[in-house]
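Examining the three-dimensional arrangement
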Amino acid sequence: MISKGMIDALIAPGIEVLDLRMDLFGAPSYVHPTLLWDENDAVLIDAGFPGQLEQLREAIEQAGVPLGRLTRLIVTHQDIDHIGGISALLALNDRIEVLAHEQERPYLTGEKQLIKLSPERMAQFSERLSSLPEERRKAVLDAFANARARVDRTLTDSERLPYCGGIVVIHTPGHTPGHISLYLEPSKVLVAGDALSASDGRLFGPNPPLAPDMGQATDSLKKLARCDIETVICYHGGPYSGDANTRIAELAAGPPLSA
Ligand SMILES: [Zn+2]
């Protein structure tokens, strides 16, 4: 999914939406990890595609947080655009604690095959892959095959993490079984991961071809609709500052979920 780059990155003091660009299939696409920090902690939510480490480092340091200060990485789910940068990041700072939902852990550690690497999923992807030059295609497949990460701590639904003023874990399955969204208590910001996406100032639900369980995905929207939200940060699309509560309730009420 393509979103605009150069977003207005600073959401509130200590919360910055990063803006990472990649050109996998010729057209640029952007993804948006979120960085949180205070005097004790610096927390990154999601880590970008493989090969984006330099951009990621630059974006984090531009926010005024040296990479060595990063204490935690929370992973919303197993997809390659969210976990691809983890191993390179840990190679630079091994003290970062990696957190993910308990149901997502075996995919990250390699005990289970990443869902989007299943034969049916790869078949959907094969047309785009075959359009790439041989060397690039091999690099992409290697990146998929080697995207693994250790998980130091597993998370459960409704758990409150005491970092940066309080982060509540919301289990929002559908896109993947252990997908989580994160509610930042002091700022009422929802870091939605891929449970929601934004485009041209509008908010959308999960994209059906990418969400294997749409029933669960819709139930997850109902859960999100119960939060008091000022701003939503979507990994695809960046920040949304419209009337999030009304819009999420609308999306949770039924189709059409997507644009
Ligand atoms: Zn994604």
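Check the entry above for the structure.
Residues numbered from 1 in each chain as written. Predicted model: local features only at pLDDT ≥ 70, side-chain atom pairs only at ≥ 80, totals over all residues. Heavy atoms only, no water.

**With respect to the pairing of strand S16 (residues 231-234)**
Operational definition: Exposure categories follow from relative accessible area, calculated using a 1.4 Å probe and restricted to protein chains: below 20% of the type maximum is buried, above 50% is exposed, and the middle band is partly exposed. By definition, any uninterrupted DSSP run of H or I lasting at least four residues is a helix, any uninterrupted run of E lasting at least two residues is a strand, and each is numbered from the N terminus. Should DSSP find at least two bridges between two strands, the strands are regarded as paired.
Burial along S16 is two-sided: the residues Thr231 and Ile233 and Val232 and Cys234 are all buried. Where S16 and strand S17 (residues 238-240) come together, three bridges link them in antiparallel fashion. Its bridge partner lying in S17, isoleucine 233 is registered against proline 239. Counted between consecutive antiparallel strands, the loop separating S16 from S17 contains three residues, among which glycine 237 sits at a positive phi close to 120°.

**With respect to the coordination of the zinc ion**
Spelled out, the test is: For Na, K and Ca the donor cut-off is 3.2 Å; for every other metal, N, O and S atoms count as donors within 2.8 Å. Water does not enter the count, which can leave sites looking incomplete. In short, tetrahedral needs four donors with all angles between 85 and 135 degrees, square planar needs four and octahedral six donors with opposite donors over 155 degrees apart and all other angles between 65 and 115, and whatever is left is irregular.
Around the zinc ion, the donor atoms from the protein are Asp81 (OD), His82 (NE2), Asp194 (OD) and His236 (NE2), and they sit 2.1 to 2.3 Å away. Coordination at the zinc ion is irregular, judged from the four donor atoms that bind it and the angles of 79 to 171° they form at the metal. Sequence spacing of the donor residues for the zinc ion, all on one chain, is D-H-x111-D-x41-H. Placement of aspartate 81 in helix H2 (residues 80-83) and of aspartate 194 in the loop between strand S13 (189-193) and strand S14 (197-199) is noted, with a sequence separation of 113 residues between them. The exposure classification of aspartate 81 matches that of aspartate 194, with both residues buried.

**Structural notes on the state of the cysteines**
Two cysteines, two sulfur atoms, one covalent bond between them: this is a disulfide. Using the following cut-off: Working definition: a disulfide is two cysteine sulfur atoms within 2.5 Å of each other.
This structure, assessed with the given rule, holds zero disulfides. With no disulfide of its own, cysteine 164 lies 19 Å from the sulfur of cysteine 227, the closest cysteine sulfur. The thiol of cysteine 234 is unpaired, and the distance to the nearest cysteine sulfur, on cysteine 227, comes to 14 Å.

**Here we look at the pattern of salt bridges**
To keep it simple, the criterion reads: Basic side-chain nitrogens of Lys or Arg form a salt bridge, by our definition, when they fall within 4 Å of a carboxyl oxygen of Asp or Glu.
This model, assessed by the stated rule, comprises 15 salt bridges. For aspartate 219, the salt bridge is made with lysine 222, and the minimal N-O distance between the two is 3.8 Å. You can see aspartate 219 and its partner lysine 222 sitting in helix H7 (residues 214-225), three residues apart, about one turn around the helix.

**Topic: the packing of H7 against helix H8 (residues 244-253)**
Quick reminder of the rule: Note on method: axes are straight lines fitted to C-alpha atoms, helices fitted across the in-contact stretch only, with angles between N-to-C directions ranging 0 to 180 degrees. Any angle from 65 to 115 degrees is called roughly perpendicular, while one under 35 is roughly parallel, one over 145 is roughly antiparallel, and all others are oblique. For a crossing to be left-handed, the near helix must be turned anticlockwise from the far one by less than a right angle; the clockwise case is right-handed. Contacts are residue-level and defined by heavy atoms, with any inter-residue pair within 4.5 Å sufficient. As a working rule, the residues Ala, Val, Leu, Ile, Met, Phe, Trp, Tyr, Cys and Pro are called nonpolar, Asp, Glu, Lys and Arg charged, and the rest polar, with Gly in that last group.
With their axes 8 Å apart at the nearest point, H7 and H8 run at an angle of 155° to one another. Taken together, the axes of H7 and H8 lie roughly antiparallel to each other. Where H7 crosses over H8, the handedness of that crossing is left-handed. Of H8, the residues touching H7 (which contributes Thr218, Leu221, Lys222, Leu224 and Ala225) are Asn245, Ile248, Ala249, Leu251 and Ala252. Looking at side-chain class alone, the contact of H7 with H8 contains seven nonpolar, two polar and one charged residues.

**Details of the side chain of lysine 116**
For clarity, the threshold we go by: Distance and chemistry together define a polar contact, namely a pair of N or O atoms within 3.5 Å, with one atom able to donate a hydrogen and the other to accept it when in protein, and with adjacent residues in sequence counting only for side-chain atoms on both sides.
With respect to the element layout, lysine 116 can be found in the loop between helix H4 (105-109) and helix H5 (119-130). Residue classification places lysine 116 among the buried positions, given a relative accessible area of 16%. Of note is the side chain of lysine 116, whose polar atom sits 2.7 Å from the side chain of aspartate 79.

**Points about empty space enclosed by the protein**
So the rule is basically this: Cavity means a closed set of points on a 1 Å grid over the protein atoms alone, one where a 1.4 Å probe fits but cannot get out, pocket means an open set with protein on both sides within 12 Å along at least 5 of 7 lines, and lining means a residue has an atom within 4 Å of a point. Grid points are joined across faces, edges and corners, and a volume is the space filled by probe spheres set on the points.
Summed over the entire model, instances satisfying the criterion amount to two cavities of 30 Å³ or more. Counted as a void, the largest cavity has a volume near 40 Å³. What lines the largest cavity is Thr172, Pro173, Gly174, His175, Asp194, Ala195, Pro206, Ala217 and Ser220. For the lining of the largest cavity, the class distribution of residues is four nonpolar, four polar and one charged. Reported here for the second largest cavity is a volume of approximately 30 Å³. Around the second largest cavity sit His32, Pro33, Thr34, Ile45, Asp46, Val191, Gly193, Ile233, Cys234 and Tyr235, which together line it. Counting residues per element, the ones that place at least two in the lining of the second largest cavity are S13 and S16. A class-by-class count of the residues in the lining of the second largest cavity yields six nonpolar, three polar and one charged.

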